[in-house]
Amino acid sequence: MSDDHGMPSQYQIAHTSGWSVNHRINSALPGYLMIASTKATNDLSDLSAEALRLMGTVFAKVQRALNALGARRVYIGRYGHSPGYPIHFHAIPIYEWVEDLLWKDDRYRVLEQFADRPGETPTDGAELTLFVWREFCERADPPPVKGPSVPETIAILRQAIQFS
């Protein structure tokens, strides 16, 4: 364990004075990252101007590294609101094979009935995020991964995401 919010060292990837980047512990999807403030706050307005400036740099480096791993899309969003955790963001890579798995799973086709009009794409970020959460984070037996494993991906990302 380290001092980085109790994050086990095998999941840690990079850090700046204001942010830490780690692989999500309970995700079988290689490259599912968490970007957390090093300040104990759950409010962006409590962060320093320097931390807010660095946030854009961190997001850009994370997205660039995940794209280099083959992510077709990278969703970065804030979902957490639990007391005791610093403000953090999820960086979710969507590889072509992940989207293919979604389309092969009829359980998720039920989501199409919630749309009032045709979308611009066959699926959207909300559906893909739900799929990743349910299948790669919450499922006891997640789908097989195509490409590098989670530990291999962490090693690759440690080289790709560095802050001076």
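The structure under discussion appears in the preceding block.
My aim in this report is to walk through the structure given alongside it, one point at a time. (Residues numbered from 1 in each chain as written. Predicted model: local features only at pLDDT ≥ 70, side-chain atom pairs only at ≥ 80, totals over all residues. Heavy atoms only, no water.)

**Topic: helix α3 (residues 125-138)**
Over its 14 residues, α3 runs 18 Å from end to end, which matches the ideal 20 Å to within 8%, given 1.5 Å per residue. The secondary structure elements touched by the buried residues of α3 are β4 (71-77), β5 (88-95) and α2 (96-104). Where α3 begins, the side chain of Asp-124 points an oxygen toward the backbone nitrogen of Ala-126, at a separation of 3.2 Å. (Helix = DSSP H or I, 4+ residues; strand = E, 2+ residues; numbered from the N terminus. Expected span 1.5 Å × (residues − 1). Contact = heavy atoms within 4.5 Å. Polar contact = N/O pair within 3.5 Å; in protein donor to acceptor, adjacent residues only side chain to side chain.)

**Considering the sheet that holds β5**
In sheet architecture, strand pairing relies on hydrogen bonds along the backbone and comes in two forms, parallel and antiparallel. One open sheet holds the five strands; their spatial order is β1-β2-β3-β5-β4, and the pairing between them is antiparallel. In the strand order of this sheet, the two ends are held by β1 (12-15) and β4, each with one partner. With strand direction ignored, the average angle separating the axes of adjacent strands in the sheet is 20°. Along the sheet, helix α1 (residues 49-68) makes contact with β2 (19-23), β3 (33-37), β4 and β5, crossing β4 at roughly 155°. (Pairing = 2+ DSSP bridges. Axes fitted to C-alpha atoms, helices over the stretch in contact; angles between N-to-C directions.)

**Some details on the nonpolar core**
Ranked by internal contacts, the top residues of the largest apolar core, which has 43 residues, are Trp-19, Leu-29, Leu-33, Ile-35 and Val-62. Looking at which element gives the most residues to this core, the answer is α1, with eight residues. Setting aside chain neighbours within four positions, we find Leu-29 in contact with His-23, Ile-92, Pro-93, Tyr-95, Trp-97, Val-98, Val-132, Phe-136 and Val-150. (Core = buried A, V, L, I, M, F, W, Y, C linked by side-chain atoms within 4.5 Å. Buried < 20%, exposed > 50% of the residue type's maximum accessible area, 1.4 Å probe, protein only.)

**Let's talk about the packing of α2 against α3**
Orientation of α2 relative to α3, taken along the N-to-C sense of each, is 85°, at an axis distance of 11 Å. As summarised for this structure, α2 and α3 are arranged roughly perpendicular, according to the angle between their axes. Across the interface between the two elements, Trp-97, Val-98, Glu-99, Leu-101 and Leu-102 of α2 pack against Leu-128, Phe-131, Val-132 and Phe-136 of α3. Its residues assigned to classes, the contact of α2 with α3 shows eight nonpolar, no polar and one charged. (Parallel < 35°, antiparallel > 145°, perpendicular 65-115°, else oblique. Nonpolar A, V, L, I, M, F, W, Y, C, P; charged D, E, K, R; others polar.)

**Here's the deal with the packing of aromatic side chains**
Per the counting criterion, the structure on display carries seven aromatic pairs. Seen from their ring centres, Phe-59 and Phe-89 are 5.0 Å apart, and the 70° between their planes marks the pair as edge-to-face. Taken together, the positions of Phe-59 in helix α1 and Phe-89 in strand β5 put the pair 30 residues apart, joining distant regions of the chain. Judged by its relative accessible area of 7%, Phe-89 is buried. Plain terms: the ring middles of Trp-97 and Phe-136 are 5.9 Å apart, the flat faces sit at 75° to each other, and that makes the pair edge-to-face. Linking Trp-97 in helix α2 with Phe-136 in helix α3, this pair joins segments that are 39 residues apart in sequence. We note that Trp-97, like Phe-136, is buried. A network of ring pairs unites the aromatic residues Tyr-95, Trp-97, Tyr-108, Phe-131 and Phe-136 as a single cluster. It is Arg-24 that lies over the ring of Tyr-32; its NZ or CZ is 5.0 Å from the centre. (Phe/Tyr/Trp six-rings, centres within 6.5 Å; stacked < 30°, edge-to-face > 60°. Lys NZ or Arg CZ within 6 Å of the ring centre and 35° of its normal.)

Geometry only, nothing functional implied.
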